[in-house]
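Structural description and commentary
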Amino acid sequence: MKNLLFIICVIISACVVQCSFNKDEQQPDETSDHDHEGEEHNEVVINSKPDTSVYTLLTLRKQPFSFTFRAGGRISVDSKDVVIITAKSSGLVKLNNDYLFPGVKVQKGDVLFTISGEQLAEGNTELYFLQVKADLDRAKANFERAGKMITDKIITQEEYLTAKNDYEKLQNLYDNLNATSGKEGNLVIARTHGYIKDIYVSEGQKVNPGDQLASIVMEHNLVLKADVSPGYAGILSSVNDASFKVGYSDNVYRLSEMNGRKISQGKATGGNSFFIPVYFRMDYTPELIDGTFAEVYLIGDEINDALVVPNSALMEEFGKIYVFVADDDGDFLKRYIETGNTDNRNTLVKSGLSEGERVVATGTYTVKLSQMTTSAPAHNHNH
């Protein structure tokens, strides 16, 4: 009895499999034909329409467009706005202010350092000043005497001019030393207003004429250096503006709104870098800190009549880009297109779309899911 039931079950299973196989042979492979036609006409029709609340359509219109691309960057002060303060005489340095540190604001004429030579056997500033004053007094007396003697024709014109020249040179030297000297030595003053960038000396350090003491930043300009991948070298000539962000602020800065301009671009990568440097100059902004790293978006020249689609409309399949186009029948057509540069919101369309067509702008993935659920043979559109 058990054997009989087993045989009956086997026979029934075989019949079911055979019927299913015959049914499959009789029906055409719609998916295969559909894929073939879609490939031929570059579109696939989507019959299953998703809920209109989950997608939006955009009618394409030509419009101005500027591409952007991302790069790393760094903010620094303009080198021409950095003033180096140097020693004018030999001696020992004394900082004039106990709070003289980088970042401290200074005004033009502020005394920053005093250089004293009173403890030095050589290069004694105070002694040199006294010697110049004594030489000036003697040269002045000689010049006054020469003025009387030339009137009486006791000396020649050449001797008179020599005495005059000696007096004037010593007078200029004395005036220069006297303007920058105090009771404790030679005074080093700020030649401009700004803030201290660096201090190169310590209290009591011995310096010689020409040694760097400090640097002052005038608050005029900043420089943004963008490090660009060599892959963008071909379009760098079209870049004349940029926007950027810094890590400590939510602001997005636009160079064109900061009186900014492109000043140069490198012709080759740097010795220690694989990137091409591009430099922009902009007005000084207090909240931007010298040395700060920035996220930069370089902006190309504007194209007036460009056809663009939102980045949210783009889908990718095996390295090819496509969008969904809504036709007059209310169906969606999967259309492959050729794209160009992007501004991170929209992408330039080189071919595959025309002005006036409607594309799915948002909810694109929902439409794609509809395609995966139900598809029909493509219309015979010629694009």
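Just above, that's the structure.
Attention here is on the structure that accompanies the text. (Residues numbered from 1 in each chain as written. Predicted model: local features only at pLDDT ≥ 70, side-chain atom pairs only at ≥ 80, totals over all residues. Heavy atoms only, no water.)

The next point concerns the pattern of salt bridges. By the definition in use, this model includes 12 salt bridges. In this structure, K225 and D227 form a salt bridge, with 3.9 Å as the shortest nitrogen-oxygen distance. Here K225 falls in the partly exposed class, since its relative accessible area comes to 31%. (Salt bridge = Lys/Arg side-chain N within 4 Å of Asp/Glu carboxyl O. Buried < 20%, exposed > 50% of the residue type's maximum accessible area, 1.4 Å probe, protein only.)

By the definition in use, this model includes eight aromatic pairs. Taking 5.3 Å as the distance between ring centres and 85° as the angle between the ring planes, the aromatic pair formed by Y55 and F332 counts as edge-to-face. Taken together, the positions of Y55 in the loop between β1 (45-46) and β2 (56-59) and F332 in strand β24 (residues 332-342) put the pair 277 residues apart, joining distant regions of the chain. Seen in terms of ring centroids, F69 and Y232 are 4.0 Å apart; in terms of plane orientation they differ by 10°. Their pairing is stacked. With F69 in strand β4 (residues 68-77) and Y232 in the loop between β14 (221-228) and β15 (239-246), the pair connects residues that are 163 residues apart, well separated along the chain. Take F69: its relative accessible area is 4%, and that puts it in the buried class. On the accessibility criterion, Y232 (33% relative accessible area) is partly exposed. Through a chain of ring-to-ring contacts, the aromatic side chains of F67, F69 and Y232 assemble into a single cluster. Note that K320 overlies the ring of Y336, its terminal NZ or CZ placed 4.4 Å from the centroid. A cation over an aromatic ring shows up here: K334 above the ring of Y322, its NZ or CZ 4.7 Å from the ring centre. (Phe/Tyr/Trp six-rings, centres within 6.5 Å; stacked < 30°, edge-to-face > 60°. Helix = DSSP H or I, 4+ residues; strand = E, 2+ residues; numbered from the N terminus. Lys NZ or Arg CZ within 6 Å of the ring centre and 35° of its normal.)

Within the largest apolar cluster, 32 residues are counted, with the highest numbers of intra-cluster contacts made by L224, F244, M282, L288 and L298. Of all the secondary-structure elements, those providing two or more residues to this core are β4, β14, β15, β18 (276-283) and β19 (293-300). The residues touching L298, leaving out its near neighbours within four places in the chain, are F67, T68, F69, A71, A226, V228, V239, D241, A242 and F280. If you look at the next biggest cluster of nonpolar residues, it comprises 19 residues, including V83, I115, I196 and V207. (Core = buried A, V, L, I, M, F, W, Y, C linked by side-chain atoms within 4.5 Å. Contact = heavy atoms within 4.5 Å.)

Our next topic: the sheet that holds β14. With antiparallel pairing, the seven strands of this open sheet are ordered in space as β16-β15-β19-β4-β14-β18-β17. For this open sheet the edge positions go to β16 (253-254) and β17 (261-265), each flanked by a neighbour on one side alone. Pairing of β14 with β18, which is carried by eight bridges, proceeds in the antiparallel orientation. In the strand pairing of β18, V228 is matched with I276. (Pairing = 2+ DSSP bridges.)

Attention now goes to unusual backbone geometry. Phi is positive for N259, which is not a glycine, with a value near 55°. Relative to the helices and strands, N259 resides in the loop between β16 and β17. A positive phi angle, near 55°, is found at F318, a position not held by glycine. Among the secondary structure elements, F318 is positioned in the loop between β22 (315-317) and β23 (320-326). Its relative accessible area of 82% is what places F318 among the exposed residues.

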